[in-house]
Amino acid sequence: MLEKDIQEILFTEEQLKNRVGEIARQIESDYAGKEVMFIGILRGSFVFMADLCRAVELPCTLDFMSVSSYGSGTTSSGQIQIIKDLSEDITGRHVIVVEDILDSGNTLHYLLNILEHRHPASVRLCALLERRVKPVELHYSGFTIPDAFVVGYGLDYSEKYRNLPYIGILKPQVYGA
């Protein structure tokens, strides 16, 4: 039923699985012999983070944050509100922030600055998708995407489409463009 709203499939379930595995191998190489802490940015990253942490063969822990940029319209005001903060202390830990999409970069720029002030051993950023505007150092990237509204594999429109096993471009008539 949801498939009728998809204009084009960008990345299939198999492509996603393969790329997540490649990112996992890169993380294992970078953190050999260490424990990592994955911090998922809710809600869009939960599917990607679940697959990623299962693919990584290192000791790891998980935590989540929920953040929101508030402002009018479709552009971020640059002001960030933490809706759900971490449950654990990150002091001295190797942190990998997991995000579904790096778009404007405003929210992640702010969030990474906050996390750095909590004295982790290291902080790296992992995003499944990117089409960034603001320069934010991205250590692990899945795919670069065009300027289109994408859904599936955790990404949503109006809280729908997260359960699609692939990433697709949503038809513009669905979201009123």
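Below is a summary of the structure that appears in this document.

Cut-offs and rules
- Residues numbered from 1 in each chain as written.
- Predicted model: local features only at pLDDT ≥ 70, side-chain atom pairs only at ≥ 80, totals over all residues.
- Heavy atoms only, no water.
- Pairing = 2+ DSSP bridges.
- Helix = DSSP H or I, 4+ residues; strand = E, 2+ residues; numbered from the N terminus.
- Salt bridge = Lys/Arg side-chain N within 4 Å of Asp/Glu carboxyl O.
- Buried < 20%, exposed > 50% of the residue type's maximum accessible area, 1.4 Å probe, protein only.

Before going further, it helps to spend a moment on the sheet that holds strand 9 (residues 167-170). An order of 1-9-8 is seen for the 3 strands of this open sheet, with the pairing classed as antiparallel. The open sheet has two free edges, formed respectively by strand 1 (6-11) and strand 8 (150-151), since each of these has just one partner strand. Note: strand 1 against strand 9, 4 bridges, orientation antiparallel. Note that in strand 9 the partner of I6 across the bridge is L170.

Now for the pattern of salt bridges. Applying the stated criterion across every chain, the model contains 13 salt bridges. Of the charged contacts in the structure, one is a salt bridge between E22 and R19, with a shortest N-O distance of 2.9 Å. Here R19 and E22 lie together in helix 1 (residues 13-30), a separation of 3 residues that amounts to about one turn. Looking at R19, the relative accessible area reads 19%, which means it is buried. With a shortest N-O distance of 2.9 Å, R118 and D85 are connected by a salt bridge. Residue R118 is located in the loop between helix 3 (106-116) and strand 6 (122-130), and its partner D85 is located in the loop between strand 4 (80-84) and strand 5 (94-102); the two are separated by 33 residues in the primary sequence. A relative accessible area of 26% means that R118 is categorised as partly exposed. Several salt bridges converge on common partners, so that one network encompasses R43, D156, E159 and R162.

From the geometry alone we can't say anything about function, so treat these as descriptive.
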